[in-house]
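# Observations on the three-dimensional arrangement
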Amino acid sequence: MSVDPREPLLNRITNASLDEDYEHVAARRALQGLPDAPGGSHRAAAVIVALFGLLIVIAAVQTSREAAATEDGRQVVIRQIGVAREDLAAKQSRVGELQEGNTALSAGLSDLEKRERSVSREVDRLRLIGGYAAARGKGVEVTLDNAADGSDDGVVRDEDLATLVAGLWQAGAEAIVVNGQRLTAVTGIRTANQAIQIKAHPLRPPYLIAAIGDPDTMQSRFAESTAGATFLGLRNAFDFVFEMRNDDSLDLPGRARPQLRFAKQYDPQLELGRIDP
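I will try to describe carefully the structure that is included in this document. (Residues numbered from 1 in each chain as written. Predicted model: local features only at pLDDT ≥ 70, side-chain atom pairs only at ≥ 80, totals over all residues. Heavy atoms only, no water.)

Let's shift gears to the pairing of strand 4 (residues 189–192). Both strand 4 and strand 5 (residues 195–198) contribute to a ladder of four bridges, which runs antiparallel. Looking across to strand 5, one finds that T191 is bridged to I196. (Pairing = 2+ DSSP bridges. Helix = DSSP H or I, 4+ residues; strand = E, 2+ residues; numbered from the N terminus.)

What follows is the structure, encoded as structure tokens:
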């Protein structure tokens, strides 16, 4: 049977189905010995073709609906992907900003840690110099006592001890102890009730002085210093008992830190007399 290419597909399917159904019914009736019933066969075939055509229409409609639904779902998924990409880009941008901020904070923290270590070292140095930190190292030990003859002129006075201590400072001493009392930047040596006192602690001779510094140079520098030369002159004049010797292991205690009662900002111009207070 020739096929017309211009014939609609649905008509082609219907005609083909009709011919095949007719042939099937005719063959079955011939086997049963029954005469052909063209009218009935055609009606049955028509019903079958109609049902088949209905199924095709239903399938076509369903396929169209599913295609439309699939396209709608595809568009929804595409929009969701776009939104997700925008959200991801925003979060990636935020992560970059946070990383830059973290880098800046890390650099700032590193700088603060360096400054803290520097300040801590400076505080330790000032505490050592000020006399509020224990000190250990090499230096010299000095023994000072009244003259052996017991004369009044041979009695060591507060100014004599203060001159000796000043000579040790000038010779490069970093820390000084007198009879166990650590000297600070504000420690005074004075006489009260016939006794030399340091911070209200009375001292009794002999006076044992320990000074941390370079033992190779302290004795010579002491003799060359102004205060040291003055003391040596007093020692010769009043015959004080005096001995200085090197020591490779000195342990000097620190003085308790004073309680700060009030303070004001330091102004070097005030101290130099450049402006009126």
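With that settled, consider the packing of helix 3 (residues 158–170) against helix 5 (residues 226–238). Between two packed helices, the angle of one axis relative to the other and the distance separating the axes together describe the packing. Contact geometry for helix 3 and helix 5: axes closest at 7 Å, N-to-C directions at 140°. The handedness of the crossing between helix 3 and helix 5 comes out as left-handed. The residues of helix 5 that touch helix 3, namely those facing D160, T163, L164, A166, G167 and Q170, are T226, A227, G228, T230, F231 and L234. Along the lines of polarity and charge, the residues of the contact of helix 3 with helix 5 split into five nonpolar, six polar and one charged. (Axes fitted to C-alpha atoms, helices over the stretch in contact; angles between N-to-C directions. Left-handed = near helix turned anticlockwise from the far one by under 90°. Contact = heavy atoms within 4.5 Å. Nonpolar A, V, L, I, M, F, W, Y, C, P; charged D, E, K, R; others polar.)

Before going further, it helps to examine the packing of aromatic side chains. Each aromatic ring pair is summarised here by two numbers: the centre-to-centre distance and the angle between the ring planes. For the structure on display, the rule yields four aromatic pairs. Among the aromatic side chains, those forming a connected cluster through ring pairs are F222, F231 and F242. (Phe/Tyr/Trp six-rings, centres within 6.5 Å; stacked < 30°, edge-to-face > 60°.)

For the rest of this paragraph, the subject is the pairing of strand 7 (residues 207–212). Taking burial as the measure, the six residues of strand 7 include five buried ones, the bulk of the element. Sheet analysis places strand 1 (residues 135–145) next to strand 7, joined by six bridges and oriented antiparallel. Residue L144 lies in a different strand from strand 7, and its bridge partner there is Y207. Inspection of the sheet shows strand 2 (residues 175–178) paired to strand 7 by four bridges, in the antiparallel sense. Considered in strand 7, the bridge of A175 is made with I212. (Buried < 20%, exposed > 50% of the residue type's maximum accessible area, 1.4 Å probe, protein only.)

We now examine the sheet that holds strand 5. Spatially, the three strands line up as an open sheet ordered 4-5-6, and their pairing is antiparallel. Each end of this open sheet is capped by a strand with a single partner; those strands are strand 4 and strand 6 (201–203). Neighbour to neighbour, the strand axes of the sheet diverge by 45° on average, direction disregarded. Two elements, strand 5 and strand 6, share three bridges in a ladder whose sense is antiparallel. What sits directly across from I196, in strand 6, is L203. Its contacts with the sheet put helix 3 on strand 4, strand 5 and strand 6, and the angle it makes with strand 4 is roughly 165°.

Counting residues in hydrophobic clusters, the biggest one holds 27 residues, and the most contacted among them are L161, L168 and I209. Within the residue set of this core, elements represented by two or more residues are strand 1, helix 3, strand 2, strand 5, strand 7, helix 4 (218–224), helix 5 and strand 8 (241–252). Looking at this core, the element that brings in the most residues is helix 3, giving four residues. If we ignore the near neighbours within four places in the chain, the residues touching L161 are L144, V156, V178, I189, I196, L203, Y207 and I209. Counting residues in each nonpolar core, the second largest holds seven residues, with A135, V177, I212 and L252 among its members. (Core = buried A, V, L, I, M, F, W, Y, C linked by side-chain atoms within 4.5 Å.)

Here we take up the side chain of S225. Among the structural elements, S225 can be located in the loop between helix 4 and helix 5. The buried category is assigned to S225, whose relative accessible area is 9%. Within the local environment of S225, its side chain forms a polar contact with the backbone nitrogen of G228, the two atoms lying 3.0 Å apart. Leaving out residues up to four positions away in the same chain, S225 has contacts with G167 and Q170. (Polar contact = N/O pair within 3.5 Å; in protein donor to acceptor, adjacent residues only side chain to side chain.)

The next subject is the environment of P206. With respect to the helices and strands, the residue P206 is situated in the loop between strand 6 and strand 7. If sequence neighbours within four positions are ignored, P206 has contacts with T143, L144, D145 and N179.

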